[in-house]
Amino acid sequence: MHRSLSEASNLAHRFVVRTLTAVLFFLTLIFCAVPAYAQISPGPLAKAHQSLSGVLSCTKCHDMGAGGVKFKCLDCHTEIRDRLAQNRGMHAVWVGTKGTSKECVQCHSDHNGADFPLVRWQPSREAMDHRQTGFPLTGAHAALHCEQCHNAREILPAARTGIQVKDLNRTYLGLTGSCIGCHQDEHRGQVGTNCAQCHTTNAWKPASQFNHATAKYPLTGAHATVACAKCHTTVADAKPYIKYTGISFASCTDCHTDPHKGSFKGTCQSCHTTSSWRRVAQLEGFDHAKTAYPLLGKHSTVACSDCHNKGDFKTPIAFAKCMDCHTDYHGGQFVVRAGGADCAVCHTVNGFKPSTFGVKEHAASLYPLEGRHAEVKCDACHIPKGKNTEFHITQTQCSSCHQDIHKGQFAAAPYQNRCQECHSVAEFRPAHFTLARHQRTGFPLTGAHLAVPCAQCHQEQPRDSVVPVKFKFEDRSCTACHNDPHSDQFRVQMAAKRADGRVAGCEACHTTVQWKELRGFDHAKTKFPLLGAHRAVACADCHRPPALERTLEHVNFNNAPVQCSGCHNDPHGGQFTARKEVTDCSSCHNVNRWKPAAFDHDTRTAFSLQGAHRNVACAGCHNLTRVVAGKSVLFYRPTPTKCANCHGNDGSMQPTKK
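Now for a look at the structure at hand.

What counts, and at which threshold
- Every residue gets a number counted from 1 within its own chain, in the order that chain's sequence is written.
- In view of the model being predicted, local features appear only for residues whose pLDDT reaches at least 70, and side-chain atom pairs are presented and counted only at 80 or more, with totals across whole chains, interfaces and linings using the full set of residues.
- Each side-chain value is worked out from all heavy atoms of the structure, with water and hydrogens disregarded.
- What counts as a helix is a DSSP run of H or I of at least four residues, what counts as a strand is a run of E of at least two, and both are numbered from the N terminus.
- The globule rule is 2.2 Å times the number of residues to the power 0.38, and the radius of gyration it is compared with is taken over C-alpha atoms.
- Here, two residues are considered to be in contact whenever any of their heavy atoms come within 4.5 Å of each other.
- Surface accessibility follows the Shrake-Rupley procedure with a 1.4 Å probe radius. Residue values consider only the protein chains on display as shielding.
- Counted as positive: Lys and Arg. Counted as negative: Asp and Glu, with His and the chain ends omitted from the count.
- For charged residues, the charge sits on one atom: NZ in Lys, CZ in Arg, CG in Asp, CD in Glu.
- Think of a nonpolar core as a cluster: buried Ala, Val, Leu, Ile, Met, Phe, Trp, Tyr and Cys residues, connected wherever their side-chain atoms sit within 4.5 Å.
- Using a 1.4 Å probe on the protein chains alone, a residue whose accessible area is under 20% of its type maximum counts as buried, one over 50% counts as exposed, and one in between counts as partly exposed.
- Each patch is built from residues that are more than 30% exposed by relative accessible area and take part in no salt bridge. Like charges join if they lie within 9 Å; nonpolar side chains (Val, Leu, Ile, Met, Phe, Trp, Tyr) join within 5 Å.
- Put simply, a salt bridge is a Lys or Arg side-chain nitrogen that is within 4 Å of an Asp or Glu carboxyl oxygen.
- Stacked, tilted and edge-to-face pairs are distinguished by plane angle, under 30 degrees for stacked and over 60 for edge-to-face with tilted covering the rest, among Phe, Tyr and Trp rings (Trp via its six-membered ring) whose centres lie within 6.5 Å.
- In this scheme, Lys NZ or Arg CZ marks a charge over a ring once it lies within 6 Å of the ring centre and within 35 degrees of the ring normal.
- Any residue with an atom within 4 Å of a point lines the site, the site being either a cavity, points on a 1 Å grid over the protein atoms alone where a 1.4 Å probe fits but cannot get out, or a pocket, an open set with protein on both sides within 12 Å along at least 5 of 7 lines.
- Grid points are joined across faces, edges and corners, and a volume is the space filled by probe spheres set on the points.
- Three categories are distinguished: nonpolar for Ala, Val, Leu, Ile, Met, Phe, Trp, Tyr, Cys and Pro, charged for Asp, Glu, Lys and Arg, and polar for the others, with Gly belonging to the last.
- Here a polar contact is recorded for every N or O atom pair within 3.5 Å, except that within protein the pair must consist of a potential hydrogen donor and a potential acceptor, and residues adjacent in sequence are included only if both atoms are side-chain atoms.
- Here, the term disulfide refers to a pair of cysteine sulfur atoms separated by no more than 2.5 Å.
- Here, a strand pair is defined by DSSP locating no fewer than two bridges between the strands.

Let's talk about the overall build of the chain
Part 1: Scanning the chain for helices and strands turns up 20 helices and six strands.
Part 2: Relative to a compact globule of 658 residues, whose C-alpha radius of gyration would be 26 Å, the chain shows 63 Å and is clearly more extended.
Part 3: In terms of principal-axis extent, the alpha carbons of the chain reach across some 195 × 110 × 35 Å.
Part 4: Long-range contacts, defined here as pairs at least 24 residues apart, represent 40% of the contacts in the chain between residues at least 6 apart.
Part 5: Element-wise, carbon and sulfur atoms account for 58% of the exposed surface of the chain, whose accessible area totals about 47,800 Å².
Part 6: One way to put it: in the chain the 73 positive side-chain charges average out to a point 4 Å from where the 52 negative ones average out.

Considerations on the nonpolar core
Part 1: Ranked by size, the top nonpolar core spans ten residues in total: L74, I80, L84, A92, C104, A152, I155, I163, L168 and L173.
Part 2: Other than its neighbours up to four places away in sequence, I155 contacts R160, L168, T171, L173, G174 and L175.

Focus: a nonpolar patch on the surface
Part 1: Residues V191, I242 and Y244 make up a contiguous nonpolar surface patch of about 220 Å² in total accessible area.
Part 2: Structurally, the position occupied by V191 is in the loop between α8 (157-160) and α9 (228-231).

Quick notes on the packing of aromatic side chains
Part 1: In this structure the tally under the stated criterion is nine aromatic pairs.
Part 2: Members of the aromatic cluster, each reached through a chain of ring pairs, are F410, Y415 and F471.
Part 3: If you follow R626 out to its NZ or CZ, it ends over the ring of F635, 4.8 Å from the centre.

Considering the environment of R437
Part 1: Inspection of the secondary structure puts R437 in helix α14 (residues 435-438).
Part 2: Overall, R437 belongs to the buried group, its relative accessible area being 17%.
Part 3: Look past the residues within four positions of R437 in its chain and what remains in contact with it is Y415, E421, C422 and H432.

Things to note about empty space enclosed by the protein
Part 1: The tally for this structure, following the rule as stated, stands at two cavities of 30 Å³ or more.
Part 2: Space inside the largest cavity adds up to approximately 60 Å³.
Part 3: As for the largest cavity, its lining consists of D185, H187, V191, G192, T193, N194, C195, Q197, C198 and H199.
Part 4: Looking at the lining of the largest cavity residue by residue, the classes come out as three nonpolar, six polar and one charged.

Details of the side chain of H601
Part 1: One can find H601 in helix α18 (residues 601-604).
Part 2: Polar side-chain contacts of H601 include one of 2.8 Å to the backbone oxygen of F607.
Part 3: Leave out the neighbours within four places in its chain, and H601 touches F607, S608, L609 and H622.

As for the environment of A152
Part 1: Considering the arrangement of structural elements, one finds A152 in the loop between α7 (146-149) and α8.
Part 2: Remark: the alpha-carbon pair of A152 and N388, spanning 236 residues in sequence, is separated by 76 Å.

Considering the state of the cysteines
Part 1: The full count for this structure, using the stated rule, is zero disulfides.
Part 2: In this structure C567 is not part of a disulfide, and its nearest cysteine sulfur, from C542, lies 4.2 Å away.

Overview of the pattern of salt bridges
Part 1: All told, the structure shown has 17 salt bridges when counted by the stated rule.
Part 2: Residues R372 and E427 are paired through a salt bridge, measuring 3.1 Å at the closest nitrogen-oxygen approach. A residue pair is termed long-range when its members are at least 10 positions apart, and R372 in the loop between α11 (359-362) and α12 (378-381) and E427 in the loop between α13 (398-401) and α14 qualify at 55 residues.
Part 3: Judged by relative accessible area, which is 40%, R372 ranks as partly exposed.
Part 4: A relative accessible area of 38% means that E427 is categorised as partly exposed.
Part 5: Across the pair D500 and R502 runs a salt bridge whose closest N-O atoms are separated by 2.9 Å.

Focus on the pairing of strand β5 (residues 624-628)
Part 1: Relative to strand β6 (residues 631-635), β5 runs antiparallel, the two sharing five bridges. From the neighbouring strand, V627 faces β6, where its bridge partner is S632.

Considerations on the side chain of T171
Part 1: With respect to the helices and strands, the residue T171 is situated in the loop between α8 and α9.
Part 2: Every residue in contact with T171, bar those within four places of it in the chain, is listed here: H150, I155, I163 and V165.

Structure representation (structure tokens):
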């Protein structure tokens, strides 16, 4: 049945042509010889039409009028004809209200054999679009099988008339679109037959479409929370059902008993509302504000019976103090306070919370709220415990509320964990620990240490670290903070004790003013005391940095040469290498200056300078030069020792010019 109209039309057209041809041929011979029927029939009829077999029955389905062969399907299938006229069902959707028998053969073809199905489903019966029937399958209906609805049991007696199919379990006609066509009316006609006004096809319960606000009795206030069964009771029957109509609700007493037993002439609504029975509105004509105790704030919502016990409105009620009606919620914590335990000191009739006791009132207590404390919420100190909440706090030390973030570093004297020694309530940071106070610690700040930021020594820790910032240092030596650039070369000097008994450390040589200031180092106490011109020599000239470094950080100070030749080049070109004291220039020179030399010509040479020779310049006799390693060097040997070698043989005794 799902084949498209065009496809169905083409198929039907082939059958129609075939049928028309057969019929015309049949009409030609029908009067000639009846026995020839078997030869001219288009084919045997389907099983449903077997009663129409025979040549004399052709006109029951075919009209042989002058206008051509016509079909008479709707003459027999009147149930389909009526549905077309009423625009009901799938046939009306496919062919319209003016459909004729001509459209029938487009989908239903006969003369194809007894077993040929007159109804063919394309692609299958289960896959058809049920919306075309006028009854779309939604919700729980979508999961049903065809036979669960299309069966003889669901066809009402009035709808059985006119259905041509004898076996009603094989027809798809006769069903209605109303709920009660298939389902029993659970409400027994109380609310009509349109189930969809309250229920959906998804599920019978809950009745999601029902809105009590549209009923004759809208539910307001506390009535909205009452269970349905409280008002809608179950009616005993062969199959019990719930009563939804015929319920009295004109007055409150239809459902509720009168607790006042007729004491009040007015209606219940005169004092009460559906919001709450205990919330009583002002009685008609009665103004409580004109009494000695006007009802203000929360008091205006208190039920009359809470004050007027058992409806006794004549007996006077004490109300001068809150305690006349209310118990002391704080258990006497404020009895000795100025103003006593009167609730009105901290609370108002508008509500017990929030309290009116604020920072200003707290200033008159034993613990005024100052600085950041003024921003702290009450329950941060007064831990909520209901009636057991403690407001009279005796422990007011910082450590009573705050954790010791220093982990006991200041537990001993003189601080004894008194946070106020370094901090204030204005801000925890920065601390007001001054430089002057630092000078009284075990590590007074001097020199460059005065300019070091606090956090450089007392290093910050990550927020979630369990290790606190370190303020107490057992080891206060230089190497506790600084690396030893000398690689322990001066451990003996550093281990020496100072006058105060402390180890000298780096201060054996250096000061805190600056690293290069060596006030404590005495070169005279080394293997090489600095004398004469050596005093002006830069350290790096003797203690030479390795690998072309420009600092003394990696210098080995113990490897500095102590012989002259370790630092100075030999200007004599190796003339005195054979001498025992060749590496010691001091045999001729001294540290004050290189010239003049301290060479003793009388004791160290074979030519003693006597007389006028003492006034002769060295170059007067020593003038022999040679080139050594590309440099001109004055050689002292050989030097002539005979008079004639210098003065000649003319007897003048004057030096010869050379």
